[in-house]
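Structural characterization, general
Below are the chains, spelled out letter by letter.
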Amino acid sequence: MTPEELEDRFTDAFGDQVVDTVIAYGQLTVTLEPHVLVEAARMCKQDPELACTFFDFMSGVDLGEEGFAVVTHLYSPTHGHHVMLRAVAPGGRDDPRLPSLTPVYRGANWHEREAWDMFGVVFEGHPGLAPRLLTVENFEGWPLRKDFKLMTRLAKPWPGEKEPTPAQPAGEQQPGQAGDQGQEGASGGAGPSEKGAGADAGEQPTGEDRSRAASERAARAKAKAAEMRQRRAEQAAAAQRDAAGFATDPAPESHGDERDDGATGAATSDSDDERGRP
Amino acid sequence: MSETRAPQGDGGGGMPGGPGESMRLEVRDEEQGGLQTQEMNLNIGPQHPATHGVLRVVLDLDGERIARAEPVIGYMHRGFEKLAEHRDYRQIIALVNRHDWLSAFCNEIGVALAVETMMELEVPERAQWIRTLLCEWNRIMNHLMFVGSFGLELGALTPVFYAFREREEIQHLMESATGGRLHFTFCRVGGLKDDLPLGFLKASEQLVPVIRQRVQDYRDLLLGNEIFQARTSGVGKLPAEVALDYGVSGPALHATGVAEDARVTEPYAKYADVDVRVPTGETGDSYDRFRVLLDRIDASLDIVAQCLDNMPSGPVNVKLPKQVKAPEGAVYVRTENPLGQGGYYLVSDGKKYPWRLKMRTPSFSNISMLPYLLEGELLPNMIAILGSVYFVVGDIDR
């Protein structure tokens, strides 16, 4: 079936429940109301004219303030056509929920677990989303959400000459960022001058961010050095106390002193180094 | 099921006559008068020679029979999908090299195709032919790896040495063109990094009959081996509809008799202009999967030969704008990777880096089917099944 014929099949079968259909690059994407999603998938699989028996993949997409969409790609090996089912999870960013497709396709099991692991979308009726599939068991947060920052970029600036992505905004701007980008994307065709201005504005905070990150790093290093110095001193004191308690031999005592000196010296030079870096 | 296994246990495990008779492996259910057993929990991996990396399978064993199997993945999760959102399209080429390290070039081409489709770029003829050629060499390299390792896992040490000898020769060839042995990073949006070096086509032409002869050797060495047959035939039978339901693709799907191959049904690069043969099996067992894998090498050699015959001259890349930006929208591009169907779902908001890049990897879907295949099997058969599903752990976890 051609994408247009498929589109008609969906609008005939689901009428108002079809929110939107898009045909781009010869591929049909049908956005449905979440409650008919399972029914639509069942139709795709069991209708002999559709016969989408091959469960290809399922994936979440961050939509910014609107929440999350989940797309499911189905393919028919007998007819050679594709269907991309899409549904926007109700519940926004706080509690996104969708019905599970596991009763229709067995392959949906792991894909839904992955979507939950990455986006926090809960699939109702799934036999068991936990434990987390790809991240570690006690992982906190949903890594593929746009408000989850890539830590390496926060901790360390891009090593190349030119940052490929815009500067990561500092803490307080974080929740708004995804929404802003979505809007910008939606009005992308407005004009190149606007885009250019946006890019410039994006470039500006990069330097500031870097220097801020560097100073934060220095402060952290300093705090760590101080902490270590204190711990060493405590250890030395404890050693001294032990030495005083168990033996009167002065050798361990002096050894303890030496170590203390050495540690302090090393720590000071460390922190000096850190101070000199920025 | 137990009836079909009983003769196999006789042929492979038991020693006929003498004291060995009593040691014969018999699998009987409780209803048939077997012993009452207690289930045991067993961890295979994450470090196990049969897992090709860090895959862990948690088994519930009832005697030697697997009652439940649950693969535990994520030990190699490197967050490629997140990283891709922070790279521009040229940098992503280097990134996708690394999720399935045995099929680097075939991955690169997927991303390049997705961006080209969105930008409506016309890739020069020669670049497309070279892509097809390198894809097939990469496919053969990948398959040789699994030909060797499958034998190794079943206890046949020899094939792996031979397979790596051939692999090395192809690797030299690829290295001469791309400079890399594993991560080629040769594909570019709109074409290729460079043209092929002088003598590449000649060397390819000489290598084709050599590999073809040696594939025949493996066929004799492994498929004709009685122990190999006993270990693999009838083991891990996968019905076609279950395979499709789980999204299983590649040799594992073809072995069930479904000849679904993106190179044929939706040809990309120059696959429309060459004759692509898709070998299929009948029963979908481990033996069939391996036979299909070997036949695929032959089919790929045929495509290589056709590429060499048709190689046109001309440019190998197009002039790109200073910033590569995919227009707003979404596209899904699927390619037939060596291990199965690979796909990239690219959502762009019109910037120079993707908004979302979903990597559909064959190994992920293939391994998600394992609980089905392992349930009810005998523990030693697990090796024959794991080895013939063909996966790369990096490709599962991404």
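Criteria and cut-off values
- Residues numbered from 1 in each chain as written.
- Chains lettered and ligands numbered in written order.
- Predicted model: local features only at pLDDT ≥ 70, side-chain atom pairs only at ≥ 80, totals over all residues.
- Helix = DSSP H or I, 4+ residues; strand = E, 2+ residues; numbered from the N terminus.
- Buried ≥ 20, exposed ≤ 12 C-beta atoms within 10 Å, placed from the backbone.
- Contact = placed C-beta atoms within 7 Å.
- Core = buried A, V, L, I, M, F, W, Y, C linked by C-beta atoms within 7 Å.
- Pairing = 2+ DSSP bridges.
- Axes fitted to C-alpha atoms, helices over the stretch in contact; angles between N-to-C directions.
- Nonpolar A, V, L, I, M, F, W, Y, C, P; charged D, E, K, R; others polar.
- pLDDT = per-residue confidence, 0-100.
- Arc of directions from axis to C-beta.

Turning to the overall build of chain B, a few remarks are in order. For chain B, the helix and strand inventory stands at 16 helices and eight strands. Burial analysis of chain B (398 residues in total) assigns 51% to the buried set.

On to the overall build of chain A. Within chain A, the secondary structure is distributed over seven helices and seven strands. Across chain A, helices and strands are ordered from the amino to the carboxyl terminus as α-β-β-α-β-β-β-β-α-β-α-α-α-α. Buried residues in chain A amount to 27% of all 278 residues. Residue pairs in contact within chain A that sit at least 24 positions apart in sequence constitute 53% of those at least 6 positions apart.

As a rule of thumb, nonpolar side chains are buried together in soluble globular proteins. The biggest cluster of nonpolar side chains holds 155 residues, and the ones touching the most others in it are Val70 and Leu85 of chain A together with Leu346 of chain B. With 14 residues, helix α5 (residues 125–153) of chain B is the single largest residue contributor to this core.

The next subject is the sheet that holds strand β8 (residues 356–360) of chain B. Residue and element names in this part refer to chain B. Here we have three strands laid out as an open sheet, ordered β6-β7-β8, and antiparallel in their pairing. Each edge of the sheet is formed by a strand with only one pairing partner; in this case those strands are β6 (329–337) and β8. Here the strands of the sheet are splayed against their neighbours by 10° on average, with no regard to which way each runs.

So, on to the interface of chain A and chain B. Interface extent is often summarised as the accessible area lost during association of the parts. Facing 32 residues of chain A, the contacting portion of chain B comprises 37 residues. Considering each element in turn, the side of chain A that touches chain B owes the most residues, seven residues, to strand β3 (residues 54–62) of chain A. Within the side of chain A that touches chain B, the residues separate by chemical class into 16 nonpolar, twelve polar and four charged.

All names here are of chain B. A sheet is described by the order of its strands in space; here three strands give the open sequence β1-β2-β3, paired in antiparallel fashion. Edge positions in the sheet fall to β1 (39–44) and β3 (65–72), since each has one partner strand and no second. On average, each strand axis in the sheet is tilted by 20° relative to the strand beside it, whichever way the strands run. Pairing of β1 with strand β2 (residues 56–62) involves six bridges; the strand directions are antiparallel. Across the sheet, Asn43 pairs through a bridge with Val58, a residue of β2.

Here we take up the confidence of the model for chain A. Interpretation of the predicted coordinates at a detailed level should be avoided for regions scoring low in pLDDT. Of the residues in chain A, 68% reach a pLDDT of 70 or more, and the chain-wide mean stands at 73. Taken element by element, chain A is modelled with least confidence in helix α5 (residues 174–186) of chain A, mean pLDDT 38, and with most confidence in strand β4 (residues 68–75) of chain A, mean pLDDT 92.

Time to look at the pairing of strand β1 (residues 18–24) of chain A. Residues and elements named next belong to chain A. Both β1 and strand β2 (residues 27–32) contribute to a ladder of six bridges, which runs antiparallel. Along β2, the bridge assignment pairs Ile23 with Leu28. Taken together, β1 and the strand that follows it, β2, pair antiparallel across an intervening segment of two residues, in which Tyr25 is found at a positive phi of about 55°.

Residues and elements named next belong to chain B. All buried positions along helix α3 (residues 89–96) are accounted for by Tyr89, Ile92, Ile93, Leu95 and Val96. Along α3, the residues classed as buried sweep out an arc of 165° about the axis, all on the same side. On its buried face, α3 is in contact with α2 (80–84), α4 (104–119), β4 (187–188) and β8.

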